[in-house]
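Understanding the architecture of this molecule
One-letter residues, chain by chain:
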Amino acid sequence: MKKDIVAYVAWCPNFQQVKYEHQRPGGLLQQMEIPEWTWERITMDFVVGLPRTQRMFDVVWVIVDRLTKGSSPTNVVESPNDEAKRFYESLESASRPLHESLMHSELSVAVRLLTIKSDWNISQAGMNAIIGLMSEVSSSINLPNDYYNAKKLVSKLGLSSTKIDCCENGCMLYYKDDAALEACKFCGLSHFKEVTNAKDRFTPFSVSATPYSCWPVFVTPYNLPPEMCMTSPYLFLTCIVPGPSNPKGSIDSTAGKLACPYYMEDTKAFTLRHGCKNTWFDYHRRFLPMDHEFRKNTTAFMKNQTDYDEPPPTLSGEKIWERVKDLPKVMESPSTRIPGYGVQYNWTKQSIFWELPYWKHNLLRHNLDVMHIDKNFFDNLFNIVMDDKNKTKDNLKARMDLQEYCRRRE
């Protein structure tokens, strides 16, 4: 053991650079009290980061007697930290064979699925259908439930992947500083292709959270009746946004608990504890007359709660302008998190609509998306009634939130 330590110290450049004779004295030396007995006073140090021995030791614990200067090195195993323990446990669980007769584990299946999706450019919905069929055929084998869980399993082990575009002629990779280039530096071939056959006219494959290369932007007057505002005479294609990623941060839109520009930080919206969705449940009682019977009801709304709060003050267009006039515009700076975001407001920039002379005096500052509300309401109701396991909102998290916030019968 001592020979190995001597050889390692003689080879290691760090040990060679910190020899005592190369250090400048820190000041006058002070006489230390001399011990009267051996091993009465000792010093200890740990030498860590050593190569593992055959017996799996990687740390040396050195104990030195201050009287005789005798040392006693001891082999020690350095235990992994909490993060490393979780990694090893996840790796061991994921690497266990799915069945005694199979060579594949849950991890190897997840990696193969991600590879197939990348090689053949299969949509997320297509991968979910393939995984669902595999689960039906082999119901006794523990497979990932869908593409999201397969990707989550791999990313937990630090095995996530990054997709890098390349020139079709093989000239270059769009990587690091070249990732935002619109054409090849060598042959001039365009980086992006416009999508001309999007399934829902917005993004292909019905996956709006995944970035694609073409976003059409429509403008429609929402103060018309719903049966008129969504018809072709009142729909205007104002621009098409091409690019490698989702442009939501650069479009004049808002979302979340502070989406309403009238009430902002005075909202009572909250996030469901189990479902993790924003909700405005039991927000409307504050607008009722103070003597209304619903205000004292503790069973039909939020359980065990009354509501005698007054309606929040409504911000006028001039007051809203005072809040947003100093915010950067999207063309002046990239979309960054502004102080107060998520607490007082959800703005990421100053909307370009404020350049319109009448915008401060506009009575209708925002509109509800009638088309998507109708569609989403019907889809959710239909999937609940038909008990679609993959799309129903009547799941375990919804039942847990219902039990926590409401007093309703099953």
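Overview of the structure. (Residues numbered from 1 in each chain as written. Predicted model: local features only at pLDDT ≥ 70, side-chain atom pairs only at ≥ 80, totals over all residues. Heavy atoms only, no water.)

With that out of the way, let us pick up the overall build of the protein chain. In terms of regular secondary structure, the protein chain is built from 10 helices and nine strands. Per-residue burial over the protein chain gives 21% buried out of 410 residues. Put simply, 42% of the contacts in the protein chain that link residues at least 6 apart link residues at least 24 apart. Carbon and sulfur atoms make up 56% of the accessible area of the protein chain, which totals about 30,700 Å². (Helix = DSSP H or I, 4+ residues; strand = E, 2+ residues; numbered from the N terminus. Buried < 20%, exposed > 50% of the residue type's maximum accessible area, 1.4 Å probe, protein only. Contact = heavy atoms within 4.5 Å. Areas by Shrake-Rupley, 256 points an atom, 1.4 Å probe, with all protein chains shown as cover.)

A word on the side chain of D307. Topologically, D307 is positioned in the loop between strand 9 (278-279) and helix 8 (317-324). According to the relative accessible area criterion, D307 is buried, its value standing at 4%. A distance of 3.2 Å separates a polar atom in the side chain of D307 from a polar atom in the side chain of K268. In terms of polar contacts, D307 uses its side chain to reach the backbone amide nitrogen of D309, at 3.0 Å. Non-local contacts of D307, meaning those with residues more than four positions away in its chain, are made with K268, D282, R285, R286 and R295. (Polar contact = N/O pair within 3.5 Å; in protein donor to acceptor, adjacent residues only side chain to side chain.)

The backbone phi angle of N121 is positive, close to 55 degrees, even though this residue is not glycine. Mapped onto the elements, N121 comes out in the loop between helix 4 (106-120) and helix 5 (124-137). Using a relative accessible area of 55% as the deciding quantity, one classes N121 as exposed. Not every positive phi belongs to a glycine, and N304 is a case in point at roughly 60 degrees. You can see N304 is positioned in the loop between strand 9 and helix 8.

We now examine the packing of helix 4 against helix 5. At a minimum axis distance of 11 Å, the contact between helix 4 and helix 5 shows a crossing angle of 140 degrees. Taken as a pair, helix 4 and helix 5 cross one another with a handedness that is right-handed. On the side of helix 4, the interface is formed by V109, L113 and K117, while helix 5 contributes Q124, M127, I131 and M134. For the contact of helix 4 with helix 5, the residue count by class is five nonpolar, one polar and one charged. (Axes fitted to C-alpha atoms, helices over the stretch in contact; angles between N-to-C directions. Left-handed = near helix turned anticlockwise from the far one by under 90°. Nonpolar A, V, L, I, M, F, W, Y, C, P; charged D, E, K, R; others polar.)

Going through the model one piece at a time under the given rule, you end up with seven aromatic pairs. Here F270 and Y405 contribute two aromatic rings whose centre-to-centre distance is 5.3 Å and whose plane-to-plane angle is 50 degrees, an arrangement assigned as tilted. Taken together, the residues span a long stretch of sequence, with F270 in strand 8 (residues 270-271) and Y405 in helix 10 (residues 396-405) at a distance of 135 residues. Residue class for F270 comes out buried when judged on its relative accessible area of 18%. We classify Y405 as buried; its relative accessible area is 15%. One Lys or Arg, K117, reaches over the ring of Y147 and ends 5.1 Å from the middle of that ring. (Phe/Tyr/Trp six-rings, centres within 6.5 Å; stacked < 30°, edge-to-face > 60°. Lys NZ or Arg CZ within 6 Å of the ring centre and 35° of its normal.)

Another aspect to go through is a nonpolar patch on the surface. A cluster of nonpolar residues, F377, F378, L381, F382, V385 and M386, forms a patch on the protein surface that exposes about 690 Å² of accessible area. Structurally, F377 is set in helix 9 (residues 370-385). (Patch = residues over 30% accessible without salt bridge, like charges linked within 9 Å, V, L, I, M, F, W, Y side chains within 5 Å. Salt bridge = Lys/Arg side-chain N within 4 Å of Asp/Glu carboxyl O.)

Examined against the element boundaries, K296 turns out to sit in the loop between strand 9 and helix 8. Taking the C-alpha atoms as reference points, K296 and Y308, 12 residues apart in sequence, are found 7.9 Å from one another. Excluding residues that lie within four positions of it along the chain, K296 makes contacts with T306 and Y308.

Two cysteines form a disulfide when their sulfur atoms are joined by a covalent bond. As enumerated under the stated definition, the model contains zero disulfides in all. C187 supplies the cysteine sulfur nearest to C171, a cysteine that is in no disulfide, at a spacing of 3.8 Å. For C171, a relative accessible area of 35% puts it in the partly exposed group. (Disulfide = S-S within 2.5 Å.)

Inspection of the entire model under this criterion finds 10 salt bridges. In this structure, R323 and E265 form a salt bridge, with 3.1 Å as the shortest nitrogen-oxygen distance. Here E265 lies in the loop between strand 7 (236-242) and strand 8 and R323 lies in helix 8, a separation of 58 residues in the sequence. Residue classification places R323 among the partly exposed residues on the basis of a relative accessible area of 33%. For R399, the salt bridge is made with D394, and the minimal N-O distance between the two is 2.6 Å. Look at the salt bridges and you will find they share partners, linking K268, D307 and D309 into a network.

The next point concerns a positive patch on the surface. On the surface, a cluster of positive charge is contributed by K152, K277, K393 and K397. Among the structural elements, K397 can be located in helix 10. (Lys, Arg positive; Asp, Glu negative; His and termini not counted. Charge placed at Lys NZ, Arg CZ, Asp CG, Glu CD.)

Geometry only, nothing functional implied.
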